[in-house]
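What follows is the residue order along each chain.
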Amino acid sequence: MPVSDQKGMTYIEVLVYVFILSIILLAFGYFAVNLLYDRTRGTAQTETREVSRLAMERMIREIERAKSVRTASSTFGQNVALSANGGKLLSLQMASSTLDPTEFSVLNNILYIKQGSATASPMTPTTVRVSQLQFENLSVGKARNIDVVLSVNVSGTTAGPGSSVTSTLRSAGELRNR
């Protein structure tokens with residue numbers, strides 16, 4: 001048989017090349033999708049931690065600035081973020097008449113602060129849902145303390161497909177402005 005000087009690849013060689021290339025591309029695609037998912041989830045975790053931290057700091061700061069707690073118009077021991085407890089809040093008496101009363105409430109899973117006669121302003125963005133806000137009156141004798149539990153979460157596409165990220169903080173503030 002004469003030796004052929006043909007250059008090129010046989011059909012089998014092309015199929016093997018395409019098969020190997022497709023496996024490499026699939027592995028790369030899988031890696032890229034997981035990398036994007038992890039980045040999205042990490043961003044959602046950072047957002048929930050930051051939103052909950054800022055909201056908690058603001059609530060504790062206002063509690064510490066308050067003269068007293070308006071216990072008759074405040075809700076203790078209940079999750080005010082639940083729709084069944086809608087309209088429940090923490091009401092603080094402030095030294096400044098422009099800030100009195102200062103009230104915290106949750107409406108449609110968004111945390112609001114209302115100071116004085118001003119309209120309520122949101123403390124959390126619409127991308128983050130407040131799933132728990134609970135106040136406890138820990139006051140004993142002259143010590144006037146309010147315990148606050150705040151949980152916020154991000155779910156769905158913001159946290160990645162089919163996932164949810166939750167951040168829960170607990171802190172207490174002592175009324176110092178007597």
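Higher on the page you've got the structure.
Residues numbered from 1 in each chain as written. Predicted model: local features only at pLDDT ≥ 70, side-chain atom pairs only at ≥ 80, totals over all residues. Heavy atoms only, no water.

Draft legend 1. Geometry of the overall build of the protein. Within the protein, the regular secondary structure consists of 1 helix and 8 strands. For the protein, the succession of helices and strands along the chain, N to C, is α-β-β-β-β-β-β-β-β. Taken over 178 residues, the protein has a buried fraction of 33%. Partitioning the intrachain contacts of the protein with sequence separation of at least 6 by distance along the chain shows that 53% fall at a separation of at least 24. A total accessible area of about 11000 Å² is found for the protein, and carbon and sulfur atoms account for 58% of it. (Helix = DSSP H or I, 4+ residues; strand = E, 2+ residues; numbered from the N terminus. Buried < 20%, exposed > 50% of the residue type's maximum accessible area, 1.4 Å probe, protein only. Contact = heavy atoms within 4.5 Å. Areas by Shrake-Rupley, 256 points an atom, 1.4 Å probe, with all protein chains shown as cover.)

Draft legend 2. A look at helix H1 (residues 11–65). Over its 55 residues, H1 extends 81 Å from the first C-alpha to the last, a length consistent with the 81 Å expected when each residue adds 1.5 Å. Along H1, the residues that are buried comprise Ala44, Thr48, Val51, Ser52, Ala55, Met56, Met59, Ile60, Glu62 and Ile63. (Expected span 1.5 Å × (residues − 1).)

Draft legend 3. Quick look at unusual backbone geometry. Looking along the chain, the bond that leaves aspartate 100 and enters proline 101 is cis, with omega of -5°. Turning to its location among the elements, proline 101 is positioned in the loop between strand E2 (89–93) and strand E3 (102–107). Positive phi, close to 55°, is recorded for asparagine 108, a residue that is not glycine. On the secondary structure map, asparagine 108 appears in the loop between E3 and strand E4 (110–115).

Draft legend 4. Representation of a nonpolar patch on the surface. Taken together, the side chains of Tyr11, Ile12, Leu15, Val16, Phe19, Ile20, Ile23 and Ile24 define a hydrophobic patch exposed on the protein surface, amounting to about 840 Å² of accessible area. Here leucine 15 shows up in helix H1. (Patch = residues over 30% accessible without salt bridge, like charges linked within 9 Å, V, L, I, M, F, W, Y side chains within 5 Å. Salt bridge = Lys/Arg side-chain N within 4 Å of Asp/Glu carboxyl O.)

Draft legend 5. Inspection of the side chain of glutamine 134 at higher detail. The topology assignment puts glutamine 134 in strand E6 (residues 129–137). A distance of 3.5 Å separates polar atoms of two side chains, one belonging to glutamine 134 and the other to glutamine 132. Beyond its immediate sequence surroundings of up to four residues, glutamine 134 is in contact with Gly77, Gln78, Asn79, Asp147, Val148 and Val149. (Polar contact = N/O pair within 3.5 Å; in protein donor to acceptor, adjacent residues only side chain to side chain.)

Draft legend 6. The arrangement of the sheet that holds strand E7 (residues 145–155) in detail. Here 3 strands make up an open sheet; going across it, the order is E6-E7-E8 and the pairing antiparallel. Two strands in the sheet have a free side with no partner beyond their single neighbour: E6 and strand E8 (164–174). For this sheet the average axis-to-axis angle between neighbouring strands, irrespective of direction, equals 10°. Relative to E7, E6 runs antiparallel, the two being bridged by 8 bridges. Looking at the pairing, glutamate 136 lines up with aspartate 147 of E7. On the sheet, H1 packs against E6, E7 and E8 and is oriented at approximately 15° with respect to E8. (Pairing = 2+ DSSP bridges. Axes fitted to C-alpha atoms, helices over the stretch in contact; angles between N-to-C directions.)

Draft legend 7. A look at the nonpolar core. Judged by nonpolar contacts, the single largest core of 31 residues is most densely connected at Met59, Leu133, Phe135 and Val148. With 7 residues, H1 is the largest single contributor of residues to this core. In this structure valine 148 touches Met56, Met59, Ile60, Ile63, Leu133, Gln134, Phe135, Leu169, Arg170 and Ser171, once residues within four positions along its chain are discounted. (Core = buried A, V, L, I, M, F, W, Y, C linked by side-chain atoms within 4.5 Å.)

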